[in-house]
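# A structural walkthrough
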Amino acid sequence: MLSKDARRDVAGTNGKKARPQHSVWGVATLERTQDRSKNSPVAFLSLKGEGGYFSAVAFRQVASRLLSVEAGQGLAVVYFGHLEPKVEADGKAKGSRLLISQAYPAKSSAQVTPTQIRGFFTLLTAPEAKYTNSGDFLLRGLLGYREGAVPFSFWGEEAYAIADTLDKGAKVWVEGILREEGWAASEGEKKRYELRLRVASMLPLADASAEGEKGESPSGRQEDLPEFPDDLDLPF
């Protein structure tokens, strides 16, 4: 779990509640829903995108909409959201989960996509640089956002070009794809699943915190969630 100082450093807000400095979106089929509602609607979701199955959570009106449809019938949805810490029963944050803040049904012609992500992050560790047995260059480490963290991998020549400029605490603009990966510590043990970020592009920034608070990309223009006007029907 991140310390209070680390959470403040990642957020850049002195601990105040702030809007996410990254966005996640894609198209996936709704495979399963689970109603976890108590005082207000809560939906746990299983979706299937281009990269395979992944889980997510939705609250309030979005949860109500998703719980009102029949899952497992190949319904494709366009979703938007962001990462948040995944808190276990012991109250500790372990990994990240996808919080869906908007969801709309896609037309039957819509194709599922990878889960795409872009935004401002903080390097919580100095990235590990290595060459694989096949000769490919790999950077991997941990990216921080607000009160959470997500492991990342960055492959190839672009990763090699910026490797020497990255260190713990660096602010970076990242674009990439989220994947939910599973592993078992030993044979016969139940698999554990974790969201990981495969970086397509990473840009070190001298003062990303100032730009991130404005919600601007490194190009200097305001960044909003992308739209899919050709693939949308009416909302649920």
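Reading the values: the criteria
Residues numbered from 1 in each chain as written. Predicted model: local features only at pLDDT ≥ 70, side-chain atom pairs only at ≥ 80, totals over all residues. Heavy atoms only, no water. Helix = DSSP H or I, 4+ residues; strand = E, 2+ residues; numbered from the N terminus. Buried < 20%, exposed > 50% of the residue type's maximum accessible area, 1.4 Å probe, protein only. Contact = heavy atoms within 4.5 Å. Arc of directions from axis to C-beta. Phe/Tyr/Trp six-rings, centres within 6.5 Å; stacked < 30°, edge-to-face > 60°. Lys NZ or Arg CZ within 6 Å of the ring centre and 35° of its normal. Pairing = 2+ DSSP bridges. Salt bridge = Lys/Arg side-chain N within 4 Å of Asp/Glu carboxyl O.

### Re the overall build of the protein
Scanning the protein from N- to C-terminus turns up 4 helices and 11 strands. A burial count over the protein gives 39% of its 236 residues as buried. Intrachain contacts of the protein at a sequence separation of at least 6 include 63% that bridge at least 24 residues.

### Considering helix 2 (residues 60-67)
Looking at helix 2, one finds that the buried residues are V62, A63 and L66. Projected down its long axis, helix 2 carries its buried residues within an arc of 100°, all on one side. Along helix 2, exposed side chains directed more than 90 degrees from the buried face belong to R60 and Q61. Close packing links the buried residues of helix 2 with strand 1 (22-35), strand 2 (42-49), strand 3 (52-59) and strand 5 (93-105).

### A look at the packing of aromatic side chains
If you walk through the whole model with that rule in mind, you get 4 aromatic pairs. The interplanar angle of 50° and the centroid separation of 5.8 Å between the aromatic rings of F54 and Y79 together place this pair among those described as tilted. Taken together, the residues span a long stretch of sequence, with F54 in strand 3 and Y79 in strand 4 (residues 76-87) at a distance of 25 residues. In this structure, F54 and Y79 share a single accessibility class: buried. Consider the rings of F120 and W173, whose centres lie 5.0 Å apart with planes at 70°: the pair is edge-to-face. In this pair, F120 is assigned in strand 6 (residues 115-123) and W173 in strand 10 (residues 171-183), connecting sequence segments 53 residues apart. Given a relative accessible area of 5%, F120 falls into the buried group. On the basis of relative accessible area, W173 is assigned to the buried category, the value being 7%. One Lys or Arg, R36, reaches over the ring of F44 and ends 4.4 Å from the middle of that ring.

### Some details on the pairing of strand 4
With 9 of 12 residues buried, strand 4 lies mostly within the body of the structure. Relative to strand 5, strand 4 runs antiparallel, the two being bridged by 10 bridges. Within strand 5, the residue paired with F80 across the bridge is Q102. Linking strand 4 back to strand 5 in an antiparallel pair, the connection comprises 5 residues, with G91 at a positive phi of about 85°.

### Section: the side chain of H82
Along the chain, the position of H82 falls in strand 4. Here H82 falls in the buried class, since its relative accessible area comes to 16%. Among all residues touching H82, those that are not within four sequence positions of it are P20, H22, V24, R97, L98 and L99.

### Comments concerning the pattern of salt bridges
Overall, the coordinates contain 4 salt bridges when judged by the stated rule. Between E128 and R140 there is a salt bridge, with the nearest N and O atoms lying 2.9 Å from each other. Taken as a pair, E128 in strand 7 (residues 128-131) and R140 in strand 8 (residues 137-145) lie far apart in primary sequence, 12 residues in all. Linked by salt bridges that have partners in common, E181, E194 and R196 make up one network.

### Brief notes about the pairing of strand 6
For strand 6, the buried fraction is high: 8 of the 9 residues fall into the buried class. Sheet topology places strand 1 next to strand 6; 4 bridges connect them, and they run antiparallel. Considered in strand 6, the bridge of H22 is made with G119. Across 2 bridges, the pairing between strand 6 and strand 8 is antiparallel. Within the sheet, the bridge partner assigned to T122 lies in strand 8 and is G144.

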